[in-house]
Amino acid sequence: PSPPAPLPAPPLPAASPRPRPRHDVDRARTSVEAARRALEEAEAALSVAEEQEKEFQSVVDERTKEVHAAEIEEPCEWNDRLRQLREYHADHGHVDLPYCGTRKSQKKERHPHHALAWHALYIRRSWAKGELADHRKAALDKLGFRWKRATMDARWDRWMEKLRAFKVEHGHGRVRQKHDRKLYRFLINCRQEFANRKEGRKSGMTDDQEKDLINILGLEELASRKRTFEERFEPYKEWRVKIGHCVHPDRLVKMWLTENRHKKAKGKLTEEQIAVFDSIGFCWNQCCCPGAPPLGLRNNPEACAKPAAEWEAIKKAKAAKIAEKLAKAKKARLTRKPVDERFSGMSRWDKGVLLLKEHRKEHGHCRGIRHDPYAEKKQRCSLPVQFPLSSEGEREDHDEGRSR
């Protein structure tokens, strides 16, 4: 048999707290004071090390500047270009080199500083990628080197002048295509770049450009937003009433109209929007307005921009020309030469035999007949040509040749 399980041990009595001895408190206090002194010594040593580091760093910076200065003076391609830039600055007072053109224009006539302009373009690209050394950038800054081309800055200033003039004239910065198509496209790109900048995506807009746009337009007008149905419909309504047909010359408006046609087919267009389109006589299928341009010209903006009255006049002119041609053809059919009654009911062979008999009866021979049995024309007889023979010998030679 297995032995019985052992009984559980009785619980131990709770230990009563004993007072800590006096020598333990003194020992802990002594260790804290020693740690404090060690911390103070470490802080002092750290301050001394930081001062030494500053001194060493200053020495390193001085030596680095000397090395960079000596490096810029060494003979190499980059330093040669820098020397040419310094000479250009001494002659012209700036380093705004003319535009070097594209690869395709290299075969054309170049300006004398064409290679230097290409080097300046390479410098700007290296700086944009963060690959340009600091000492080289400092050397270029001393010459007043523009890290963005002067033409780009001048172009931006011209756009800002146009935008400022538009806001002074209209009182707002909501440019539409009917106002200025190029300025409208420019603002679309600016709003997209501004949105990319605010959302943390890659953007080509700089801080100065953003400040210029905010100062002119304001933050609300600069923020990109989707145009509402009413804002899109009102310009189209004005154009529809003015032109008289539904075919718009702008590609974006055509895409918007096609989108609304698809929405109506799928039942996603509201009744109010459908009623608004019906109020201007909009064609929900292919445009069948009386003055609409032909189907082959509906992708041509110039043809779509013509009013309906002009297309009606063009159609009437074409119809008049066709009617005139038909009248002339009808008149020609009525005034043509009547068919000879002698040949009625005769075959082509019998008709040719009859004409041959008449020709023989009239001329006494059947030589040199030219007749076209497929056309009712006047019959012509071409007799053999007779040459005048001056002497008896020539006549004999002629007869001999005929016999041969």
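Heads up: the structure comes first, above all this text.
Residues numbered from 1 in each chain as written. Predicted model: local features only at pLDDT ≥ 70, side-chain atom pairs only at ≥ 80, totals over all residues. Heavy atoms only, no water.

Caption draft 1: Region of the structure containing the overall build of the chain. Broken down by element type, the chain carries 15 helices and two strands. Counting all 404 residues of the chain, 23% fall into the buried class. Once local pairs closer than 6 in sequence are excluded, the contacts in the chain between residues at least 24 apart make up 45%. Total accessible area on the chain is roughly 31,400 Å²; 54% of this is exposed by carbon and sulfur atoms. (Helix = DSSP H or I, 4+ residues; strand = E, 2+ residues; numbered from the N terminus. Buried < 20%, exposed > 50% of the residue type's maximum accessible area, 1.4 Å probe, protein only. Contact = heavy atoms within 4.5 Å. Areas by Shrake-Rupley, 256 points an atom, 1.4 Å probe, with all protein chains shown as cover.)

Caption draft 2: A look at the pattern of salt bridges. Using the criterion set out here, one finds ten salt bridges in the structure. Close ionic contact of Glu87 with Arg83 constitutes a salt bridge, the shortest N to O distance being 3.2 Å. With a gap of four residues between them, Glu87 and Arg83 both fall in helix H2 (residues 77-92), about one helical turn apart. Classification of Arg83 as partly exposed rests on a relative accessible area of 42%. For Lys198, the salt bridge goes to Glu210, with nearest N and O atoms at 3.0 Å. One end of the pair, Lys198, is in helix H6 (residues 181-198); the other, Glu210, is in helix H7 (residues 207-217), and twelve residues separate them in sequence. On the accessibility criterion, Lys198 (54% relative accessible area) is exposed. Its relative accessible area of 10% is what places Glu210 among the buried residues. A cluster of three or more residues bridged by salt bridges with shared partners is formed by Arg197, Lys198, Asp207 and Glu210. (Salt bridge = Lys/Arg side-chain N within 4 Å of Asp/Glu carboxyl O.)

Caption draft 3: Seen up close, the nonpolar core. Counting residues in hydrophobic clusters, the biggest one holds 20 residues, and the most contacted among them are Tyr236, Cys246, Leu257, Phe277, Phe282 and Cys287. A per-element tally of this core places helix H9 (residues 229-243) first, with five residues. Excluding anything up to four places from it in sequence, Phe282 contacts Tyr236, Cys246, Leu257, Arg261 and Phe277. (Core = buried A, V, L, I, M, F, W, Y, C linked by side-chain atoms within 4.5 Å.)

Caption draft 4: Main features of the state of the cysteines. One pass over the full model with this rule turns up zero disulfides. The cysteine Cys246 is free of any disulfide, with Cys289 supplying the nearest cysteine sulfur at 3.6 Å. Note on Cys287: no disulfide assigned, nearest cysteine sulfur contributed by Cys289 at a separation of 3.6 Å. (Disulfide = S-S within 2.5 Å.)

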